[in-house]
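Descriptive analysis of the structure
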Amino acid sequence: MQTTRFLSVALATLGTMTAIDAQWRTGDALPALRLPEVRSVLEPRAAAAIDLAQYRSRRLVLIEFASW
Amino acid sequence: MPVWHAKTRAAVANGELAVVGIAQEQHPERMALYAAWQRLDWPLLFDPFNLTDAEVVLNAYLVAPGGVIWKAGARPDDLEAFLAADFDSSAALAGMPEPRLVALDGEAVVPTDAGGLKPVAAQHVSRALFGAGEPRLAALRHLAFDTLTVDEPRAWFRRGVALRMLFDDEGPRTNAAASASLFTGAVDAWARALERRPSQYIWRRRLQQYGPALDKPYPFYDWIDEAQATLLERGDAPIPLRAALTPTERLGRDAPVREPGAEPDPDARLPRDEGWFEVDVTVVADTQGRPRASAHVSITPLAAEDAEWNDEAGPVVVWIEGVEAVVPAQRLEHRPAPGADARERRTLSFELDARPGAVLSGYAVLQVCEADVCRTVRHGFSFTLKR
C-alpha cells in the first residue's frame, strides 16, 4: 500500500517538473550545496554537514523527496 | 521511493553507485523514521528551508562521475542505461554551470558601519541548520522576527519554517509571551509565500500538512504508527517524534465524521484557568480558497507556573462554539499516551466551514496540578476568521 501511494505521488509530480528542471538541468554541475544530515539533526550537538560536491567523483543518484 | 530503493540497492552494495537523498520537509525525525522503516541507509540531507528551490517532489538526478548531471527528472527505468554508460571520469567540470541555488545574500542585507551591505539571511539559515542550543535559537528568532528587507516569497517561506521550528523547539519550555502565536505566524508566513508563488508545491504542502482534509491530496503522515510498530517488532531503536503529530496530519480526504459529544461544562460552573495554561488557536485555510479550514487548539502548561497535566483525572476536552459546521465534532478529546510528558504541548484539531469574519470560540476543560494541588479548570478562547 505504501509503495502504491508513493508511486502515485511520484507519478503525480512528474508531470509538473518543468520548473525544477529549469533549475537543475541535465548538463549542469552537481552543486556545492552543504546541508545537515537528517539523522544528525536529531542529536543535541551541532549537526554533521554533507556537501553535495563531495559526490562529484561518483556515479550518483540524487533524490529529493519527503516522507509524506 | 521504495522503487528507487529496490532498483539501486544492488549497485550501492557493490560500490558502483552512491545514493543521496534530500528531505524536503519540516521535521527531520519524521524523515529519519521513514528511512529507518524503509531501511534507507543512504545519507539524507535535511532541507527544511527549501534551499534547493525544488518546487515539487519527487526529483531524481543521475550524476555522472566527474560531477555533471547526466539526467534531471530521472525515472527508475533510466538506471539501467545510467549504470551501463561509459563516462570519462576525468572529464573536468570547468565550464559546466552550477545550478542556481537560492540567492540568500540578495534577499536580506543590512547596512554596515562602513556604508556597505552585509548579507544576513545566509548566516542565519546556516546557524539555524547547523547550530545547536542558544546560537541556533537566536538565528531562528532573526529569521522569524527581523523585518524583511524585501517582499520576497522565499524569505516568507523561510520565516514560516523558522517560526514553526521555534514553536516545536522552544514553545513548551517557555511561558506564554514567547510561544503564543508562533504556529499562527508560521501559517501566515507560508500563506504569504504561496500567494506570491502559487506554483510552489513544496510550500503548498507545508500548509496542506496542517490544513483541512478537503485540501489534502493524500494523507501526509498516516504511515507513522505502522513505521513505529515495525521498528518495535524488529527490535530496532525507536525514533521519537519531537513534534507531536496534529490529528489533521494523519487525515486524508475521506476523514470519518464522528458523532457530536456532550458539552462538558454547559453551565460554566468550572473555575477559570488562573494562568496555568497557554491556549493558542491556529487556523489553516484551504490553499485553493474553498470555504473550509482546519483549526488547531494548542494547549501548553506554563513551566513558570509549575503547571503540569493531571492525566489521572481525565482527558483534555475542548468544546467549540461560534462556527456552524464542525468536523469531526463540537467536542474534542485528547487522551495522552501512557507516560506522556506532564508538561507537553497538546494539540486538538478540527475542521470548520470558514466564513470570513466568523468568530470561532469555545473553551477547554483542563486537568492541572500545581504544587501538588490538582484541579479541573476551564480556559476560554476565541479567534476571528480572516476576511
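Turning our attention to the overall build of chain B. The secondary structure content of chain B amounts to 12 helices and 15 strands. Taking all 387 residues of chain B together, 41% fall into the buried category. Of all intrachain contacts in chain B linking residues separated by at least 6 positions in sequence, the fraction that spans at least 24 positions is 65%.

Moving on, we come to the interface of chain B and chain A. Counting residues at the interface gives 67 residues for chain B and 51 residues for chain A. Contributions of two or more residues to the side of chain B that touches chain A are made by α1 (2–13), β1 (18–23), α2 (28–38), β2 (44–46), β3 (59–63), β4 (69–72) and α5 (121–130) of chain B. When grouped by side-chain class, the residues that make up the side of chain B that touches chain A number 45 nonpolar, 11 polar and 11 charged. Bridging between strand β3 (residues 60–65) of chain A and β3 of chain B involves five bridges; their strand directions are antiparallel. Paired with Leu60 of chain A across the bridge in β3 of chain B is Val63 of chain B.

This part covers the environment of Pro266 of chain B. Considering the arrangement of structural elements, one finds Pro266 of chain B in the loop between α12 (247–250) and β7 (277–285). Each C-alpha atom of the pair Pro266 of chain B and Trp319 of chain B lies 9.7 Å from the other, and the pair is 53 residues apart in sequence.

Below, the discussion takes up the packing of helix α6 (residues 133–145) of chain B against helix α7 (residues 153–169) of chain B. Residues and elements named next belong to chain B. Across the interface, α6 lies against α7 with an axial gap of 8 Å and an inter-helix angle of 135°. Relative to α7, the element α6 is oriented oblique. Judged by the twist between their axes, the crossing of α6 over α7 is left-handed. When α6 is examined against α7, the residues Leu140, Arg141, Leu143 and Ala144 are found in contact with a partner set consisting of Arg158, Arg159, Ala162, Leu163, Met165 and Leu166. A breakdown of the residues in the contact of α6 with α7 according to their chemical character gives seven nonpolar, no polar and three charged.

Moving on: unusual backbone geometry. The bulk of non-glycine residues show a negative phi, and the bulk of peptide bonds are trans. Residue and element names in this part refer to chain B. In this model, Val57 is joined to Leu58 through a cis peptide bond whose omega is 15°. Structurally, Leu58 can be placed in the loop between β2 and β3. A positive phi angle, close to 60°, is found at Asn50, a residue other than glycine. Asn50 sits in the buried class, given 21 other C-beta atoms within 10 Å.

Glancing now at helix α11 (residues 224–234) of chain B. Across the 11 residues of α11 of chain B, one count as buried, placing the element largely on the outside. Note on α11 of chain B: the residue one or two positions beyond its end, Gly235 of chain B, has a positive phi of about 80°.

Of all hydrophobic cores here, the largest spans 112 residues; its most connected members are Tyr61, Val63, Ala162, Trp190, Val318 and Ala364 of chain B. Not counting residues within four places of it along the chain, the set of residues in contact with Val318 of chain B comprises Val297, Leu332, Leu348, Gly362 and Ala364 of chain B.

Okay, α7 of chain B next. Between its first and last C-alpha, α7 of chain B extends 24 Å over 17 residues, near the 24 Å set by a 1.5 Å rise per residue. Most of α7 of chain B sits out of view: 14 of its 17 residues are buried.

A few words now on the environment of Gln200 of chain B. Residues and elements named next belong to chain B. Considering the arrangement of structural elements, one finds Gln200 in the loop between α9 (182–196) and α10 (201–208). Remark: the alpha-carbon pair of Gln200 and Glu134, spanning 66 residues in sequence, is separated by 32 Å. When neighbours within four sequence positions are excluded, Gln200 is seen to be in contact with Glu55 and Leu194.

Cut-off values and rules
- Residues numbered from 1 in each chain as written.
- Chains lettered and ligands numbered in written order.
- Predicted model: local features only at pLDDT ≥ 70, side-chain atom pairs only at ≥ 80, totals over all residues.
- Helix = DSSP H or I, 4+ residues; strand = E, 2+ residues; numbered from the N terminus.
- Buried ≥ 20, exposed ≤ 12 C-beta atoms within 10 Å, placed from the backbone.
- Contact = placed C-beta atoms within 7 Å.
- Nonpolar A, V, L, I, M, F, W, Y, C, P; charged D, E, K, R; others polar.
- Pairing = 2+ DSSP bridges.
- Axes fitted to C-alpha atoms, helices over the stretch in contact; angles between N-to-C directions.
- Parallel < 35°, antiparallel > 145°, perpendicular 65-115°, else oblique.
- Left-handed = near helix turned anticlockwise from the far one by under 90°.
- Core = buried A, V, L, I, M, F, W, Y, C linked by C-beta atoms within 7 Å.
- Expected span 1.5 Å × (residues − 1).

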